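# Close look at the chain arrangement
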Amino acid sequence: GEPVDWQGRWSLTQAELAPVPKQAGGPPIWLGTGADAGIVRAATHLDGWFPIGPDVDTFAQRRQDYHQAVTRAGRSNQTTGLYLTLCIDQDPDRADDAINQYLRSYYNVEPTLMRRIQACFGGPLEEVLAFVRGYVQAGAEHLVIRLVGDHQAALKQLAQHRDELH
């Protein structure tokens, strides 16, 4: 938002760069990590921690580690999120197969490897909601959900049952 001069491939003289951040100080910066040192770095220097899984018990313990590091760093208002891969399907085996195919094609590695480090779940809506609710109850404050399968139907189902996640 302030005028700047810059000499490079394109030169700027008293140009204002936009868009400006929506909030003072810019957007929050989070670190995605599961390593001890990364959790401490996120707690000490950044605005939040973004783990990717792999299960609710590990998330709950690591979240506690993160908040202890935040306290040791003399900081507050740090937050956590979580990245979940979900497939809603009445047939749990078909849902798991869909997730495995997705992980294999997206990461080009065996799904068993990705499932060791990422939270994934497939099955009937009620079971998917229970899986997500477990993370919410363990303290996840923000959720990023990747849907595998029929995205429109899954989005509609999640939206209709959103209140059941709290």
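Everything below is about the structure shown above.
Everything numeric here is computed off the predicted structure, so don't read it as measured data.

Attention now goes to helix α1 (residues 36–45). What α1 keeps buried is the set Gly38, Ile39, Ala42 and Ala43. Viewed along the axis of α1, the buried residues span an arc of 135°, placing them on a single side of the element. Exposed side chains of α1 directed beyond 90 degrees from the buried face belong to Asp36 and His45. Each element contacted by the buried residues of α1 is listed here: β3 (30–31), β4 (48–49) and α2 (56–72).

Let us now look at the packing of α1 against α2. At their nearest, the axes of α1 and α2 sit 8 Å apart, and the two run at 45° to each other. In terms of orientation, α1 lies oblique with respect to α2. Crossing geometry of α1 relative to α2 is assigned as right-handed. Judged by residue contacts, Asp36, Ile39, Val40, Ala42 and Ala43 of α1 engage Arg62, Asp65, Tyr66, Ala69 and Val70 from α2. Split by residue class, the contact of α1 with α2 holds seven nonpolar, no polar and three charged.

Turning our attention to the packing of aromatic side chains. Applying the stated rule across the entire model yields nine aromatic pairs. Ring centres 4.7 Å apart and planes at 75° place the aromatic pair Tyr106 and Tyr107 in the edge-to-face group. Taking the relative accessible area as the measure of exposure, Tyr106 reaches 52% and is therefore exposed. For Tyr107, a relative accessible area of 26% translates into the label partly exposed. Between Phe121 and Phe131, the ring centres sit 4.9 Å apart and the planes meet at 15°, which makes this aromatic pair stacked. Of this pair, Phe121 sits in strand β6 (residues 119–123) while Phe131 sits in helix α5 (residues 125–137), placing them ten residues apart in sequence. Look at Phe131 and you get buried, because its relative accessible area is 18%. Clustering of aromatic rings is evident, with ring pairs tying together Trp49, Phe59, Tyr66, Phe121, Phe131 and Tyr135.

Criteria and cut-off values
Residues numbered from 1 in each chain as written. Predicted model: local features only at pLDDT ≥ 70, side-chain atom pairs only at ≥ 80, totals over all residues. Heavy atoms only, no water. Buried < 20%, exposed > 50% of the residue type's maximum accessible area, 1.4 Å probe, protein only. Helix = DSSP H or I, 4+ residues; strand = E, 2+ residues; numbered from the N terminus. Arc of directions from axis to C-beta. Contact = heavy atoms within 4.5 Å. Axes fitted to C-alpha atoms, helices over the stretch in contact; angles between N-to-C directions. Parallel < 35°, antiparallel > 145°, perpendicular 65-115°, else oblique. Left-handed = near helix turned anticlockwise from the far one by under 90°. Nonpolar A, V, L, I, M, F, W, Y, C, P; charged D, E, K, R; others polar. Phe/Tyr/Trp six-rings, centres within 6.5 Å; stacked < 30°, edge-to-face > 60°.

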